[in-house]
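Listed here are the chains, written in short residue letters.
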Amino acid sequence: MKHIFIDFEMNPISKLHKEERKICKNEIIEIGAVILDENFVEFKQYSQYVKPMYNERVNTRITELTGIKTEDILNAPIFEDAVMDFINFCIKYCGKDNYKVYAWSQTDLEQLEKECKLKNFEQDENYNYLKENWIDFQKEYSKILNITSVMSLEKAISSIETEFDGKAHDAMWDAKNTAKLFVLSQDEEKFKEIMKPILDNFKQEKEPVASCLGELFNFDLYDFCE
C-alpha cells in the first residue's frame, strides 16, 4: 500500500460571481503531493498550478501567504484537467487501488468536492477511489496523541522540535511536512515518549489551536476579496 500526502492552495472566487459563491467560495490554484512507498520512503513528488475560472487574478493576500502570483497560473491547466492529471499520477505510481490519500484536516477534501460540484466534474471510479480512501491525518494525529484539540501543521511540526521544511502554505512543502509527521508517528510508543513533555504542556493550554488555514480565518475572511 502506497501513501499519498496532498495539499491544496486556494484563491477566492470573485464577488462578481454571486451564484457560484453559493456553492464554493474558493478555487484550487495549486496541488502539491508526495508519495511514500510501503516502507514510508518518499519516492515521487507532484506539483501543479491550476488556472481558476472565476477570478482572473490571485488575490494579494493569497500571494503574501503562498507566494503564488497571477502570472504563475495564467497558462496552468484548468481544474478538471489538473484533477485528472493528478489522479493519473496516482494510478501511474501506485496502481488503481493500492494507495491511501492523507491531508492535514478535512478542508482540502471539502474544497475538492465543492469545486467538483461547481464545475460539473464527472466523478468516475478512479476519482471515487481517491475520495473514499482520503484520510484526515490531522484528526488521526490527535488520536495518536490522545488529545481532543487539533493542531495547525506548523505547530505539530514545531512540537516535535524540528523545523518546518521549506515554506508554509506551499502545497508541496505542506504535503512533505505532513508526510514527515506520518513517518514519525508510525512507531507509536516511541513517538508518544518523544512527545510526552510537549503533550503535558499542550493539555494545559486553555485556548484551542486553529486547525488549519481555513479555520484560522473562518474561511469567510476571503469575502473581503473582489
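Residues numbered from 1 in each chain as written. Predicted model: local features only at pLDDT ≥ 70, side-chain atom pairs only at ≥ 80, totals over all residues. Heavy atoms only, no water.

### A short note on the overall build of the protein
- Along the backbone of the protein there are eleven helices and five strands.
- Out of the 226 residues in the protein, the part that is buried amounts to 50%.
- Looking at the protein alone, contacts between residues at least 24 apart form 72% of all its contacts between residues at least 6 apart. (Helix = DSSP H or I, 4+ residues; strand = E, 2+ residues; numbered from the N terminus. Buried < 20%, exposed > 50% of the residue type's maximum accessible area, 1.4 Å probe, protein only. Contact = heavy atoms within 4.5 Å.)

### Details of the packing of helix α4 (residues 79-94) against helix α6 (residues 125-132)
- Contact pair α4 / α6: the axes reach a minimum separation of 10 Å and the direction vectors enclose 75 degrees. Taken together, the axes of α4 and α6 are roughly perpendicular relative to one another. Counted together, Val-83, Phe-86, Ile-87, Cys-90 and Ile-91 of α4 and Asn-126, Tyr-127 and Leu-130 of α6 form the full contact between these two elements.
- Across the contact of α4 with α6, the residue classes break down as seven nonpolar, one polar and no charged. (Axes fitted to C-alpha atoms, helices over the stretch in contact; angles between N-to-C directions. Parallel < 35°, antiparallel > 145°, perpendicular 65-115°, else oblique. Nonpolar A, V, L, I, M, F, W, Y, C, P; charged D, E, K, R; others polar.)

### Some words on the environment of Glu-80
- In this fold, Glu-80 is placed in helix α4.
- For the pair formed by Glu-80 and Val-50, sequence separation is 30 residues and the distance between their alpha carbons is 9.3 Å.
- Not counting the four nearest positions on each side in its chain, Glu-80 is found in contact with Met-53, Lys-119 and Phe-121.

### Thoughts on the pattern of salt bridges
- With the rule as written, the count across this model stands at nine salt bridges.
- Among the salt bridges present, the one from Lys-119 reaches Glu-115, with a minimum N-O distance of 2.8 Å. In this structure, Lys-119 and Glu-115 share a single accessibility class: buried.
- As a salt-bridge pair, Lys-143 and Glu-140 come within 3.7 Å of each other at their nearest N and O atoms. (Salt bridge = Lys/Arg side-chain N within 4 Å of Asp/Glu carboxyl O.)

### Structural notes on empty space enclosed by the protein
- If you walk through the whole model with that rule in mind, you get one cavity of 30 Å³ or more.
- Approximately 60 Å³ is the volume attributed to the largest cavity.
- Of all the elements in the fold, those that place two or more residues in the lining of the largest cavity are β1 (2-12), α4 and α6.
- No other element matches the three residues that α4 contributes to the lining of the largest cavity.
- Residue composition of the lining of the largest cavity, grouped by class: ten nonpolar, no polar and no charged. (1 Å grid on protein atoms, 1.4 Å probe; cavity = no way out; pocket = protein on both sides within 12 Å on 5 of 7 lines; lining within 4 Å. Points joined across faces, edges and corners; volume = space filled by probe spheres on them.)

### Quick notes on the confidence of the model for the protein
- Mean pLDDT for the protein: 86, with 84% of residues reaching 70 or above.
- Confidence over residues 206-226 falls short of pLDDT 50; this stretch has 48 contacts with residues more than four positions distant or in other chains. (pLDDT = per-residue confidence, 0-100.)

### Details of the sheet that holds strand β2 (residues 26-36)
- Ordered by their spatial adjacency, five strands build an open sheet running β3-β2-β1-β4-β5, and the pairing between neighbours is mixed. Taken across any chain shown, the strands that pair with only one partner, and hence form the sheet edges, are β3 (42-49) and β5 (134-136). Between one strand axis and the next, the sheet turns through 25 degrees on average, direction left out of account.
- Here three bridges tie strand β4 (residues 99-103) to β5, and the two strands are oriented parallel to one another. Note that in β5 the partner of Ala-103 across the bridge is Asp-136.
- Contacts from helix α7 (residues 137-145) reach β4 and β5, with the element oriented near 50 degrees to β5.
- Its contacts with the sheet place helix α9 (residues 171-185) against β1, β2, β3 and β4, and it is angled at close to 40 degrees to β2. (Pairing = 2+ DSSP bridges.)

### Description of the side chain of Glu-115
- Position of Glu-115 relative to the elements: it lies in helix α5 (residues 107-118).
- Contacts of Glu-115, omitting those with residues within four sequence positions, involve Cys-24, Asn-26, Glu-27, Ile-28 and Phe-79.

### Description of α7
- Every buried residue of α7 is listed here: Phe-137, Gln-138, Tyr-141, Ser-142, Ile-144 and Leu-145. One face of α7 carries all of its buried residues, which in axial projection span an arc of 160 degrees.
- Put simply, Asp-136 is the residue that caps the front of α7, since its side-chain oxygen is 3.1 Å from the backbone nitrogen of Gln-138.
- The positive-phi residue at the C-terminal boundary of α7 is Asn-146, with phi of around 60 degrees. (Arc of directions from axis to C-beta. Polar contact = N/O pair within 3.5 Å; in protein donor to acceptor, adjacent residues only side chain to side chain.)

### Topic: the nonpolar core
- Formed by 29 residues in total, the largest nonpolar core has its most connected members in Ile-4, Ile-6, Ile-31, Phe-86, Leu-112, Leu-130 and Trp-134.
- If you list the elements that add at least two residues to this core, you get β1, β2, α4, β4, α5 and α6.
- With sequence-adjacent residues up to four places away left out, Leu-112 is seen in contact with Phe-8, Ile-28, Phe-79, Val-83, Tyr-127, Leu-130 and Trp-134.
- With 21 residues, the next largest nonpolar core counts Tyr-141, Leu-145, Leu-153 and Ile-157 among its residues. (Core = buried A, V, L, I, M, F, W, Y, C linked by side-chain atoms within 4.5 Å.)

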